[in-house]
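Below, each chain spelled out in residue letters.
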Amino acid sequence: MPAGMLGIEELDRAEIEAILARAKHFQPIQDQSLKKLDTLRGKMIVNLFFEASTRTRTSFEIAAKRLGADAISIAASGSSVSKGESLVDTLNTLAAMRPNAIVMRHSASGAPHFLARHLAMPIINAGDGTHEHPTQALLDARTILDRRPTLEGLRVAIIGDIAHSRVARSNVYLLSKFGAEIVLCGPASLLPPQLAQMAPGVTLTNDIREALLGTDVIMMLRVQLERQHEAAFPTAEYFQFYGLRLEHLALAKPDAIVMHPGPINRGRELSSEVADSQRSVILNQVENGVAVRMAVLERVIG
Amino acid sequence: MPQLLIKNGHVIDPASATDTQADVLIQDGYIAAVGAVRAPAAEVLDASGLIVAPGFIDMHVHLREPGFEHAETIETGARAAAAGGFTSICSMPNTLPVNDNATVTSYIIERARKLAATNVFPIGAITKNSAGEELSAIGSMKAAGVVAISDDGRPVMNARVMRRAMEFARSFDLPVIDHCEDLHLSAGGDMHEGYESVRLGLHGIPASSEDVMVARDILLAETTGARFHVAHISTRNAMAMVAYAKQRGLPITCEATPHHFSLTDSQMVPYDSNFKMKPPLRSACDTGAVVEGIVSGAVDAIATDHAPHPGSEKMQEFEKCPFGIIGLETALGLALEHLVHTGKITLARLVALFTTGPARVLHLDRGTLAEGAPADVTIFSTDLRWTYDVNQSFSKSRNSPFDGHAFRGGPVATIVNGAVVWQRE
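The notes below deal with the structure included here. (Residues numbered from 1 in each chain as written. Chains lettered and ligands numbered in written order. Predicted model: local features only at pLDDT ≥ 70, side-chain atom pairs only at ≥ 80, totals over all residues.)

Looking at the sheet that holds strand S9 (residues 149-150) of chain B
Residue and element names in this part refer to chain B.
Reasoning step 1: Spatially, S9-S10-S13-S14-S15 is the arrangement adopted by the 5 strands of the open sheet, whose pairing is parallel. The strands lining the two open edges of the sheet, one partner per strand, are S9 and strand S15 (301-302).
Reasoning step 2: In the packing of helix H8 (residues 236-247) onto the sheet, contacts are made with strand S13 (228-230) and strand S14 (252-256), and the angle to S14 comes to roughly 145°. (Pairing = 2+ DSSP bridges. Helix = DSSP H or I, 4+ residues; strand = E, 2+ residues; numbered from the N terminus. Contact = placed C-beta atoms within 7 Å. Axes fitted to C-alpha atoms, helices over the stretch in contact; angles between N-to-C directions.)

Structural notes on the interface of chain A and chain B
Reasoning step 1: Each side of the interface is counted separately: chain A has 20 residues, and chain B has 18 residues.
Reasoning step 2: Secondary structure elements with two or more residues in the side of chain A that touches chain B: helix H3 (87-96), helix H4 (111-118) and helix H6 (166-177) of chain A.
Reasoning step 3: With 3 residues, H4(A) is the largest single contributor of residues to the side of chain A that touches chain B.
Reasoning step 4: Partitioned by chemical class, the residues of the side of chain A that touches chain B number 8 nonpolar, 10 polar and 2 charged. (Nonpolar A, V, L, I, M, F, W, Y, C, P; charged D, E, K, R; others polar.)

Concerning the pairing of strand S7 (residues 86-91) of chain B
All names here are of chain B.
Reasoning step 1: The element S7 is extensively covered by neighbouring structure, given that 6 of its 6 residues are classed as buried.
Reasoning step 2: The sheet contact formed by strand S6 (residues 56-61) and S7 spans 4 bridges and is parallel. What sits directly across from valine 61, in S7, is serine 91.
Reasoning step 3: Viewed along the sheet, the connection from S6 through helix H1 (residues 74-83) into S7 turns out right-handed.
Reasoning step 4: Looking at chain direction, S7 and strand S8 (residues 119-122) are connected through 4 bridges and run parallel. Across the sheet, the residue bridging to serine 91 is proline 122, located in S8. (Buried ≥ 20, exposed ≤ 12 C-beta atoms within 10 Å, placed from the backbone. Right-handed = clockwise from strand over helix to strand, strands pointing away.)

Some words on the sheet that holds strand S1 (residues 44-49) of chain A
Residue and element names in this part refer to chain A.
Reasoning step 1: With respect to topology, 4 strands assemble into an open sheet ordered S2-S1-S3-S4, the strand pairing being parallel. This sheet does not close on itself; its edge strands, each paired only once, are strand S2 (70-75) and strand S4 (123-128). Put simply, the sheet's adjacent strands are angled 15° from each other on average, direction ignored.
Reasoning step 2: Examined bridge by bridge, S1 and S2 share 6 bridges and lie parallel to one another. Directly across from asparagine 47, in S2, lies its bridge partner serine 73.

Right, here's the structure in full:
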């Protein structure tokens, strides 16, 4: 079975450390005027996005190109998928063209895992349904480690629609492997109690103030209204009870950072003041996305 | 006169409390004698070292015909049943058209008479097109041969309609079988709601979606006096409620599937649709309760909920795949493995769960080796080692989570109305 990257759950600490170290090595390249390496020259990467995405798709594409690989991106709309071809047939067709890896985003949890069982081709998960988004967790870790010496002992609050968040799951796995303390926070309808069993060091609360108390890192999640099968929470009340506002920051550690996987909904998950504040590292996350994905592509294909 | 003598077997017939070494003589399609038969017979089947039991009845099977013959037909489904040791199967009405009138019922019976290796007893729909609104032609379906009514897979959500259905069914002495699922609670769900669904990021089907419907139906059965049967029971609360209803003397029965007593949600291969069914594989606690129900007697029958789907439908994103697995050929092996070899129940109790249990629920004159009864006989081994290869299945479909599973014990020969319809190679 070719090694792709399907999730953080199955990675061990050493593998994650290696990727993060390699990403750090790639960081300065982003600031050079000549940005292109030839590590993956002659390699071909297909970005297959069955779900709309701007930042992740672009980020993977740039990462591939900076490593010298050829990258093509296919959006599901306008492709054979929208003409009724099955997922397996689409992937088999692409695999027959012999790319070196397929980067895949899909709205169905487990879609890349299902394909990995039937396809002799490395698959990199760029987000599957409400399951995992491994490169997001890696770039989040890179972003934190740019500001903190270690993840161990850090208190990280993840706030929002945890139930439907692949970002939350991948971050929980990653942070827990490094001994961080993770507080998951949201209304009970978006915070299933079983989350507490996912990994060591996870606690749950429905109270945003409790979640923020003494925290080092605040991760706000996008409110994914499109993922909810029914109204699990009155939308109008969301910002009032779970939106992050400036006054909340006083509860956290003085040097606490605010993160968000984007795209942000100003006034829904967090106020504009918070998004634009000195505490926000949201754009650093985007920047690190390229370096981390370079490290992942290199590991999978190189 | 066609004669068949089954020699030297260990006869287990729960209906007559027989559990002893004996011969079984079949004549003209009926049981002629059970005991030491010395007279020579035209044909002899040596059952030394094997169990000879009344023909097994599977009261919950989807044969897909008419309408979905690409998944299964009456002929292929019945052959798979015979290879699983079943001599009688009950076909659920969710075909196309739905079996909601006597014409469809007669069609199924006629096709089965011509093509099926086993007896086929159709189950009629509760409501027209199983849409949950208007009652179907229950009386004339009963006259045409249905043995129960059910809107399996599309449970009647309107309690008032269910109440009327129970009253009507009672007038015709038909049991009402419900696939107990509150469709609002389970909407969008793909697997049991619990730690595993949270971990895998799959939408959950809460145990309560089954529990509230079991509770509703038991209360309605009490109101109406109808015979009510819970299909594929899978939760601990549903099990407790059925046990309580029985204790109070209500005519409530239930069945359990082999997969619900042998697999838990944590044992499923992630995102493998051969583990996707309704009700879903539940938690270990629920599975344990189902086994306890089988041990205590709260469970009346083992039924497979054999649900064939072609590979093209099961080879998709998990959330897109249809619910259901095939189960006719693996039922006995799983029951032996999880219930008998573990010492939880006796062989006689196992046989009862496949014979007298379902026969009593459906008032069938089958499931017994009494003299004069139709000669439906299942011969099986408790020790035979065999491995299930789903690609060799008689079913048209391949959706089984037990492909490659090594079994200890399983069917050896199946006799329907005096004729050997299947024998292990």
